[in-house]
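# Structural characterization, general
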Amino acid sequence: MSILEVKNITKKFDNTMILKGIDFSMEEGEVISIIGSSGSGKTTLLRCLNFLETPDTGMIKVNGEVLFDGANIESNKRIQEEEIRKKRLHFGMVFQQFHLFPQYTALENVCLAPNLLKNKSSDEIKQEGMMLLDRMGLSDRMNNYPHQLSGGQQQRVAIARALAMNPDILCFDEPTSALDPELTGEVLKVIRSLADNNTTMIIVTHEMGFARDVSDKVLFMDQGIILEQGDAKEVIDNPQKERTKQFLSVMNKY
Amino acid sequence: MFLTVTLSLLEGFLSTLKLFGLTLLFSIPLGLFICFGSINKLKIIRFPIRFIIWVIRGTPLMLQLIVIYYGPGLILGTSIWNGTSGRFIAALVAFVINYACYFSEIYRGGILSIPQGQYEAGKVLGLTNREIFTKIILLQVTKRIVPPMSNEIITLVKDTSLARIISVYEIIWNGSAFIKSDGIIWPLFYTGAFYLLFSGVLTLFFGWLEKKLSFFK
């Protein structure tokens, strides 16, 4: 069974259709990269998966469980906050701008949500948090506040924070776009190591080389639809659609 | 004479401090409620609250004191504010309403200045709206509103002198009483020292608070 099935997701803002019917599925341990120009709907798709936006139609299933069904849109509007919260926990989200909590140290950022969930002892949570930050190469930065960290370090804390909730699927929204070029490497390295450990991930990115190497599948989005999808290397090295070719040739120029 | 004046002014200042302290005690939380009302999604809540804020901020505090003190008597035919303590409570009510409205706008500015990403980061981690507010937003808002709040609170110290318009015996009242009783005006000038001293203490306190909150950015 697929870990994630997305069927015919549409989303309109005011009168603009941002998503015009998105279908894809992924298996456990798979890494999918979503590429495409800005405005193509990549970020909106990720936000729909994380319930930061409510799709207008369509269906989202995780492990066979229906998380969202646009056919029941009326009842969806009345979904309790509590229910949405539980559904969100299937997904982790890493933002372009990190969005760390400035008043907490790196370790406190990682442990905050697990501590509020209260299904483990706080000692256990702290141990796990330290382990996660260690995996991110931040063992010497645990007690630093976000403003004392570089962008790359902040993003790695944000990844550890998302992992601490053990999501089924970890989503990245252009994780390196806000970083200096020399800091993108350290973040990409961490994501790559997660991929090697079979973490299920959806990555919206403009790093074509990275998408090609790390992901199993690539989705090319254009004007609210998935124009082309398939094996990462095939799509990036040998795109079939004219629009995909054009996009990739522009991306490769720089 | 100096001792008599000092004692009398101290007594008045005590009443000034009481008005100041109680106004803060009630208006700081009330302001938060008003603030939530003024950013509420429902127009039926938001519009009336914004109307009240407009009226309170758009008219003099002096007038509000007079309306609150004399208003109930004119409407009900009998005053609900009796005696010294009644007048004090009337003044307190006027100050609390007035300052809560100003504070609510400071809170509103503080809350709106927190990037949406902070809320979203909390949401995707499965935090409840209440947890997001208390664990993430509140301290960041507090840090940002310290300078405008300290400004407003120092203004309140001096605004308490308006209460004399409804015969609350605060420090200016006591100071000016010496003009009539002894024909001397210096006690009135002397009251300034009390205000200066107190706002100095507050300035130090807010400086300390700002420093205390400077561990994050």
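Residues numbered from 1 in each chain as written. Chains lettered and ligands numbered in written order. Predicted model: local features only at pLDDT ≥ 70, side-chain atom pairs only at ≥ 80, totals over all residues. Heavy atoms only, no water.

## Re the interface of chain A and chain B
- At the junction of the two partners, chain A supplies 23 residues and chain B supplies 20 residues.
- Summed over both partners, the interface of chain A with chain B comes to about 2,100 Å²; 65% of that surface belongs to carbon and sulfur atoms.
- Broken down residue by residue, the surface that chain A buries against chain B is led by Phe101, Gln103 and Leu116 of chain A, which jointly contribute 26%.
- If you look at where chain A meets chain B, you find one salt bridge. (Contact = heavy atoms within 4.5 Å. Buried area = accessible area lost by both parts, 1.4 Å probe. Salt bridge = Lys/Arg side-chain N within 4 Å of Asp/Glu carboxyl O.)

## Structural notes on the packing of helix 6 (residues 129-159) of chain B against helix 8 (residues 186-212) of chain B
Residues and elements named next belong to chain B.
- Interaxial distance between helix 6 and helix 8 falls to 10 Å at its minimum, and their mutual angle equals 165°. Classified by the angle between their axes, helix 6 and helix 8 sit roughly antiparallel to one another. Of the two possible hands of crossing, helix 6 and helix 8 adopt the one that is right-handed. Where helix 6 approaches helix 8, its residues Val146, Pro147, Ser150, Ile153, Ile154, Val157 and Lys158 are matched on the opposing element by Tyr195, Phe198, Ser199, Leu202, Thr203, Phe206, Leu209 and Glu210. (Axes fitted to C-alpha atoms, helices over the stretch in contact; angles between N-to-C directions. Helix = DSSP H or I, 4+ residues; strand = E, 2+ residues; numbered from the N terminus. Parallel < 35°, antiparallel > 145°, perpendicular 65-115°, else oblique. Left-handed = near helix turned anticlockwise from the far one by under 90°.)

## Examining the pairing of strand 8 (residues 201-204) of chain A
Residues and elements named next belong to chain A.
- Across the two faces of strand 8 the burial is the same, with Met201 and Ile203 and Ile202 and Val204 all buried.
- In the sheet, strand 3 (residues 31-35) pairs with strand 8 via four bridges, with the strands oriented parallel. Its bridge partner lying in strand 8, Ile32 is registered against Ile202.
- Summarising the sheet, strand 7 (residues 169-173) and strand 8 pair through four bridges and their orientation is parallel. Each residue of the ladder has a partner; that of Cys171, found in strand 8, is Ile202.
- Taken together, strand 7, helix 7 (residues 181-196) and strand 8 constitute a β-α-β crossover, and its handedness is right-handed. (Buried < 20%, exposed > 50% of the residue type's maximum accessible area, 1.4 Å probe, protein only. Pairing = 2+ DSSP bridges. Right-handed = clockwise from strand over helix to strand, strands pointing away.)

## Things to note about the pattern of salt bridges
All names here are of chain A.
- One pass over the full model with this rule turns up 10 salt bridges over all chains.
- Between Lys120 and Glu128 there is a salt bridge, with its nearest N and O atoms 2.9 Å apart.
- The shortest N-O distance in the salt bridge between Asp213 and Arg212 comes to 3.3 Å.
- Look at Asp213 and you get partly exposed, because its relative accessible area is 43%.
- For Arg212, a relative accessible area of 26% gives the class partly exposed.

## Remarks on helix 3 (residues 61-76) of chain B
Residues and elements named next belong to chain B.
- Over its 16 residues, helix 3 extends 23 Å from the first C-alpha to the last, a length consistent with the 22 Å expected when each residue adds 1.5 Å.
- Of all the bends in helix 3, the greatest reaches close to 40° and is centred on Tyr70; the proline Pro72 follows between one and four positions later.
- Within helix 3 the residues assigned to the buried category are Leu61, Gln64, Leu65, Ile68, Tyr69, Gly71 and Pro72.
- In this structure, the buried side of helix 3 is in contact with helix 2 (43-58), helix 4 (83-112) and helix 6.
- Gly77, located one to two residues past helix 3, shows a positive phi value of around 85°. (Expected span 1.5 Å × (residues − 1). Bend = angle between axes of the 7 residues up to and from the residue.)

## With respect to the packing of aromatic side chains
- Overall, the coordinates contain 19 aromatic pairs over all chains when judged by the stated rule.
- Judged by centre distance (5.7 Å) and plane angle (50°), the rings of Phe51 of chain B and Trp54 of chain B are tilted. Placement of both Phe51 of chain B and Trp54 of chain B in helix 2 is noted, with a separation of three residues, approximately one turn of the helix.
- Ring geometry for Tyr99 of chain B and Phe103 of chain B: centres 5.9 Å apart, planes at 65°, overall edge-to-face. Placement of the pair is Tyr99 of chain B and Phe103 of chain B together in helix 4, with a separation of four residues, close to one helical turn.
- For Tyr99 of chain B, a relative accessible area of 1% puts it in the buried group.
- Among the aromatic residues, those joined into a cluster by ring pairs are Phe2, Phe13, Phe20, Trp186, Tyr190, Phe194 and Phe198 of chain B.
- Residue placement shows Arg161 of chain A over the ring face of Phe101 of chain A; its charged tip is 4.5 Å from the ring centre.
- The cationic tip of Lys18 of chain B hangs over the ring face of Phe88 of chain B; the distance from NZ or CZ to the ring centre is 4.8 Å. (Phe/Tyr/Trp six-rings, centres within 6.5 Å; stacked < 30°, edge-to-face > 60°. Lys NZ or Arg CZ within 6 Å of the ring centre and 35° of its normal.)

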